[in-house]
Amino acid sequence: MKHPVRLAALILLALGLSACATKPAQDKAAAVRPAWALAIHGGAGVMDRETMGPETEASYRAAMHAALERGRTVLEKGGTALDAVVAVVRGLEDDPQFNAGKGAVFTADGRNELDAAIMDGSNLKAGAVAGITGTKNPISLARAVMEASPHVMLIGAGAEKFGQQASVEQADAAWFFTERRWQSLKKTLKERGLPIPARPAGVGPEPVPLAASQMAFEDRKYGTVGVVALDNAGHIAAGTSTGGTTAKLWGRVGDVPIIGAGTYANDKSCAVSATGTGEYFIRLGVARAICDLVELKGMTLQKAADEVIQARLTALGGDGGIVAVTPDGQVAWSFNTSGMYRARQEAGGEPLVGIFKGEP
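Parameters at a glance
Residues numbered from 1 in each chain as written. Predicted model: local features only at pLDDT ≥ 70, side-chain atom pairs only at ≥ 80, totals over all residues. Heavy atoms only, no water. Helix = DSSP H or I, 4+ residues; strand = E, 2+ residues; numbered from the N terminus. Buried < 20%, exposed > 50% of the residue type's maximum accessible area, 1.4 Å probe, protein only. Contact = heavy atoms within 4.5 Å. Areas by Shrake-Rupley, 256 points an atom, 1.4 Å probe, with all protein chains shown as cover. Pairing = 2+ DSSP bridges. Axes fitted to C-alpha atoms, helices over the stretch in contact; angles between N-to-C directions. Disulfide = S-S within 2.5 Å. Core = buried A, V, L, I, M, F, W, Y, C linked by side-chain atoms within 4.5 Å. Patch = residues over 30% accessible without salt bridge, like charges linked within 9 Å, V, L, I, M, F, W, Y side chains within 5 Å. Salt bridge = Lys/Arg side-chain N within 4 Å of Asp/Glu carboxyl O.

**Topic: the overall build of the protein chain**
Thought 1: A count of helical and extended segments in the protein chain gives eleven helices and 13 strands.
Thought 2: The buried share of the protein chain, taken over its 360 residues, is 53%.
Thought 3: Once local pairs closer than 6 in sequence are excluded, the contacts in the protein chain between residues at least 24 apart make up 68%.
Thought 4: Element-wise, carbon and sulfur atoms account for 58% of the exposed surface of the protein chain, whose accessible area totals about 15600 Å².

Have a look at this one:
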């Protein structure tokens, strides 16, 4: 072979140019990903400013800003995505404006039956609970199932017993009760011609007359709460919590605790938390479907979310929405209703909060 030294030099030069070309691209990709990201929903449904009123609108916006602050505080201190999810959801479960924990809707029997789920994208571990009546923060019970049991889902009395053994904080029926949810139950049962159950013990007699704030303006809204988070280590997580639907019957369980339907997280694709008519989300496997489009079809997160929510869910006749995040920092939400309580923020960016369709 002629000029072996010259040939070797050319090869080394080519390799060097290739490395130089690749390194800036890698550095750019690393620089693009935010140190952390957070997206939150507080339920989707039929919402308009006229029906809601300015005071109620301001109260929900403040609640979503507060939820962002809880998650941001965890992530800015280097906390895990899982810790941020729990911090955000617990606060929303304690806020009676939302249909999760305190302020959850009532079943036809006059009980609060709560569902929750959490998933860690770094290892695909998940925990879910359904039909919970005595746990103050169902998201904490779901995390305990994930971390302290060999199972993914526990339901009803068995889940409650496990929670007590795991020292998860308990609460009685009066803790979850709100007058406006009770009045919404009565209204729904009357419309369906069903009997109205006795008021729960310990909540006192019905106030007369009822204050305007105790009347439900949002009968067609789903107040499920959820959050997805990306942490400094590049891991993602999702968590969701709900009281279900007003006047639900026969131990109904929706999509929230069904991993892949209402809640899902995988570091290879994305994390999703959903809200809406759960039966449709279960049938479509909404959360997993979005992540599969990202991982297997190479779609951007927003395009994948819109494909599932705006096209597939809408075509099936379902309604609701999702929030989602990827390990590379893409954040998205999509909903086919007139509104969804929602908030998002990335490291170095400003918080963004919305309620109605047409907002950013």
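**A word on the sheet that holds strand E10 (residues 320–325)**
Thought 1: The four strands are arranged E8-E9-E10-E11 in an open sheet whose pairing can be described as antiparallel. With one partner strand each, in any of the chains shown, strand E8 (263–265) and strand E11 (331–335) form the two edges of the open sheet. Pairwise comparison of adjacent strand axes, ignoring direction, gives a mean angle of 10 degrees for this sheet.
Thought 2: Those strands touched by helix H11 (residues 301–316) are E10 and E11, and its axis lies near 10 degrees from that of E11.

**Notes on the state of the cysteines**
Thought 1: According to the stated counting rule, one finds one disulfide in the structure shown.
Thought 2: Here Cys 270 connects covalently by a disulfide to Cys 291, the sulfurs 2.2 Å from one another. In this structure, the disulfide formed by Cys 270 and Cys 291 twists by about -110 degrees around the S-S bond and is classed as left-handed. One end of the pair, Cys 270, is in the loop between E8 and strand E9 (271–276); the other, Cys 291, is in helix H10 (residues 286–297), and 21 residues separate them in sequence.
Thought 3: With relative accessibility at 0%, the residue Cys 291 sits in the buried group.

**Section: the nonpolar core**
Thought 1: Ranked by internal contacts, the top residues of the largest apolar core, which has 49 residues, are Leu 38, Ile 40, Phe 98, Ile 118, Val 129 and Tyr 341.
Thought 2: A per-element tally of this core places helix H4 (residues 81–93) first, with eight residues.

**Overview of a nonpolar patch on the surface**
Thought 1: A cluster of nonpolar residues, Val 152, Met 153, Ile 155, Val 253, Ile 258 and Ile 282, forms a patch on the protein surface that exposes about 450 Å² of accessible area.
Thought 2: With respect to the secondary-structure elements, Ile 258 resides in the loop between strand E7 (236–242) and E8.
Thought 3: Residue Ile 258 is classed as partly exposed on the basis of its relative accessible area, which comes to 31%.

**Things to note about the pairing of E9**
Thought 1: Judged by how many residues are buried, E9 sits mostly within the fold: six of six residues are covered.
Thought 2: Going residue by residue along E9, you find Ala 271, Ser 273 and Thr 275 tucked away on one face and Val 272, Ala 274 and Gly 276 tucked away on the opposite face as well.
Thought 3: Here E8 pairs with E9 via three bridges, running antiparallel. Across the sheet, residue Thr 263 finds its bridge partner in E9, namely Ser 273.
Thought 4: Here six bridges tie E9 to E10, and the two strands are oriented antiparallel to one another. Paired with Ser 273 across the strands is Val 323, a residue of E10.

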